[in-house]
Amino acid sequence: MTLDRVLSELHLHLYGCIRPEALLRHLAGCEKVRWQEYEEAMAAAYGEVPPVREIVERYRQGDAAAAAEFAGLFVFGDADAGDFGRFQAKFRLLVVASALGDRHGPPEAIRAEVAGFAAGVRADHVRHGVGYAEHRIMLGRGLDSPGERAVLDTLLAAYDRDGAGPAGPAERLALSLHRADPWAAWDRVREIALGPHGAVLTGVDFCHVEEGHPPKDVAEFFAEVRAFNDAHPERALAILYHVGESFRDKSLESAVRWVQEAAELGAHRLGHAIALGVDPGAYGPHTRTESAAERLDQIGYDLRHREGLRAAGVRVDPAALEEERARLAALPGDAVVTVSYDRDRLAEVRHRQDYAMSRVRATGAVVEVCPTSNRRIGGIADPAHHPVHRFLAAGLPVVVSSDDPGIFGTTLAAELDWVCEQTGGGAELREHLIRAARRARSEVLTGRVRAD
Ligand SMILES: [Zn+2]
């Protein structure tokens, strides 16, 4: 067996794995598609509505050209890049014909849909040499409605195939919890982890909009998961945390700090972490804003980490920071501060990243790099600015994954190719990354199973 036959996909969102052909077949077979919802989202994000409705109808009539046209409109390509709103609008097509999108729909329909898509995704993994896949899925907050139970029962049974059926990829599930209230699902998560299919639930995930949800807010929850893991080592759950992927609401300093904080709070793997290693020069001189509260957190961080920051080349002036702290503390709660970046400050952010990377490395947290996703959602147009260069140079544990291979029209092999080409790492790096991913499986990081 060559290494390429045992590729491990560690960062996948289940519905993002659905290929255009599978979605088109599904849409064509649906009695009810909530077209208006999709078309309104597209009009808002793109200013126009693509003729998907007509294409699906032509496909129903047997038009051979329809599939390629559909794929062209569904795939979130390089021309769509740099806008999460556009991504969400295109992703809506996966939701508007989904029994799962309407979670109050009949559980039978939900079961059939989820089982069908999961089987298609598994076949896709086989086609592309993926031998191990961790799928994340986000449902409602509590995970306990009849529809949500139908989804989870179906997926857990589908993935729990040890010793059964033909060879296929090993599949695992991570439940994406709501950032605002992960506790709402915690009883259900524990029930599933300790239940008959608990072996395939190997992690919890935090995804979707990160702005407004600082890692410090989940400190207590992370501690609870860690305590659960200590009590149930055979059912321990990895903490997977998307962070530093989008940071429009804050300074670059704060964005870097968030990644470090997530790792130090106990996340096992960090999704994207663009802020940690992106070349700050990519943004050029510019101005950003953040809340005074965020700035206060940054001042606290600078004071706590002054020695390490200084050693990394960052200028820290405690007296000035204390003075600024006193001034900001007197402002109203919703006050906003403006931060301007000139060349010097951008260079200093680079030093901050070096320090934060050393701290992240010390925690053992693994960074999940998804190049196509970073290019199209993260808006990193120039490959030279991509954080993977700095991650590798800093010796951070890195794995490569594809995030949403269906809607991005990519494969894990293509993502690995991109990293090896752009970094000049070649075949040696490719082999290293494939092995690193085997070692960074959730069940390995939590100690449930050994790496080999
Ligand atoms: Zn993701």
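Residues numbered from 1 in each chain as written. Predicted model: local features only at pLDDT ≥ 70, side-chain atom pairs only at ≥ 80, totals over all residues. Heavy atoms only, no water.

As annotated in an unreviewed UniProt entry, the protein chain carries the name adenosine deaminase and comes from Thermocatellispora tengchongensis. Within the UniProt record for the protein chain, the comment given under Cofactor (unreviewed entry) is "Zn(2+)". In its Sequence similarities (unreviewed entry) section, the UniProt entry covering the protein chain states "Belongs to the metallo-dependent hydrolases superfamily. Adenosine and AMP deaminases family." (UniProt positions renumbered as here; feature names shortened; annotations may be inferred.)

Distances from the zinc ion to its protein donors, namely H11 (NE2), H13 (NE2), H242 (NE2) and D403 (OD), fall within the range 2.1 to 2.4 Å. Taken together, the four donor atoms coordinating the zinc ion span angles of 84 to 169° at the metal, a pattern that classifies the geometry as irregular. Spacing between the donor residues of the zinc ion along the chain follows H-x1-H-x228-H-x160-D. On the criterion of sequence distance, the pair formed by H13 in strand β1 (residues 7-13) and H242 in strand β5 (residues 238-243) is long-range, its members being 229 residues apart. Overall, H242 belongs to the buried group, its relative accessible area being 3%. (Donors = N, O, S within 2.8 Å, 3.2 Å for Na, K, Ca; no water. Tetrahedral: all angles 85-135°; square planar, octahedral: opposite > 155°, others 65-115°. Helix = DSSP H or I, 4+ residues; strand = E, 2+ residues; numbered from the N terminus. Buried < 20%, exposed > 50% of the residue type's maximum accessible area, 1.4 Å probe, protein only.)

Looking now at the packing of aromatic side chains. One pass over the full model with this rule turns up 16 aromatic pairs. Between W183 and F221 the ring centres are 5.1 Å apart and the planes differ by 85°, which places this aromatic pair in the edge-to-face class. Of this pair, W183 sits in the loop between β3 (170-177) and α8 (186-193) while F221 sits in helix α9 (residues 219-231), placing them 38 residues apart in sequence. Consider the rings of F247 and Y283, whose centres lie 6.3 Å apart with planes at 80°: the pair is edge-to-face. Taken together, the residues F247 in the loop between β5 and α10 (252-265) and Y283 in the loop between α11 (274-277) and β7 (286-291) connect sequence positions 36 residues apart. Judged by relative accessible area, which is 8%, F247 ranks as buried. An aromatic cluster is defined as three or more aromatic residues linked by ring pairs; in this entry it consists of W183, W186, F206, F221, F222, F228 and Y241. One residue, K250, lies across the ring of W258, its end atom 3.8 Å from the ring centre. When the ring centre of Y341 is taken as reference, the NZ or CZ atom of R345 above it lies at 5.1 Å. (Phe/Tyr/Trp six-rings, centres within 6.5 Å; stacked < 30°, edge-to-face > 60°. Lys NZ or Arg CZ within 6 Å of the ring centre and 35° of its normal.)

What follows deals with the sheet that holds β5. Within the open sheet, the eight strands sit side by side as β1-β2-β3-β4-β5-β6-β9-β10. Their pairing is parallel. The open sheet has two free edges, formed respectively by β1 and β10 (398-400), since each of these has just one partner strand. Averaged over all pairs of adjacent strands, the angle between their axes in this sheet comes to 25°, without regard to strand direction. Pairing geometry for strand β4 (residues 201-206) and β5, over four bridges, is parallel. The residue of β5 that forms the bridge with V204 is I239. In this fold helix α19 (residues 412-423) packs onto β1 and β10, with an angle of close to 105° to the strand it touches most, β1. (Pairing = 2+ DSSP bridges. Axes fitted to C-alpha atoms, helices over the stretch in contact; angles between N-to-C directions. Contact = heavy atoms within 4.5 Å.)

For the rest of this paragraph, the subject is the domain arrangement of the protein chain. Splitting the protein chain by domain gives domain 1 (3-282 + 355-445) and domain 2 (286-341). Placing the centre of domain 1 and that of domain 2 at their C-alpha centroids yields a distance of 33 Å. At the interface, 16 residues of domain 1 touch 14 residues of domain 2. Linking domain 1 to domain 2 there are two salt bridges. Of the charged contacts in the structure, one is a salt bridge between R257 and E294, with a shortest N-O distance of 2.7 Å. Remark: the boundary between domain 1 and domain 2 carries 13 residue pairs in polar contact (both at pLDDT 80 or more). Contributions of two or more residues to the side of domain 1 that touches domain 2 are made by α10 and α15 (343-363). Tallying contributions element by element places α10 first for the side of domain 1 that touches domain 2, with seven residues. Per-class residue counts for the side of domain 1 that touches domain 2 are five nonpolar, three polar and eight charged. (Domains from an automatic or database assignment. Salt bridge = Lys/Arg side-chain N within 4 Å of Asp/Glu carboxyl O. Polar contact = N/O pair within 3.5 Å; in protein donor to acceptor, adjacent residues only side chain to side chain. Nonpolar A, V, L, I, M, F, W, Y, C, P; charged D, E, K, R; others polar.)

This next bit is on unusual backbone geometry. A positive phi angle, near 75°, is found at H272, a position not held by glycine. Inspection of the secondary structure puts H272 in strand β6 (residues 269-272). With a phi close to 65°, D403 is a non-glycine residue in the positive phi region. By secondary structure assignment, the location of D403 is in the loop between β10 and α18 (405-408).

Following the criterion strictly, the structure yields 37 salt bridges and no others. With a closest N to O distance of 3.3 Å, R325 and E322 form a salt bridge. Of the two residues, R325 and E322 are both situated in helix α14 (residues 318-329); the distance of three residues between them amounts to about one turn of the helix. Three or more residues joined by partner-sharing salt bridges are found here, namely E134, R136, D205, R269 and E368.

On to α8, then. Listing the buried residues of α8 in full gives W186, R188, V189, I192 and A193. Within α8, the buried residues cover an arc of 160° as seen down the axis, which keeps them to one side. Of the surrounding secondary structure, the elements contacted by the buried residues of α8 are α7 (146-159), β3, β4 and α9. (Arc of directions from axis to C-beta.)

For the rest of this paragraph, the subject is the packing of helix α2 (residues 35-46) against helix α3 (residues 52-60). The contact between α2 and α3 brings their axes to 11 Å, and the two run at 135°. It follows that α2 is oblique to α3 by the angle criterion. Residues W35, Q36, Y38 and E39 of α2 form the contact with α3, whose participating residues are V52, R53 and V56. Split by residue class, the contact of α2 with α3 holds four nonpolar, one polar and two charged. (Parallel < 35°, antiparallel > 145°, perpendicular 65-115°, else oblique.)

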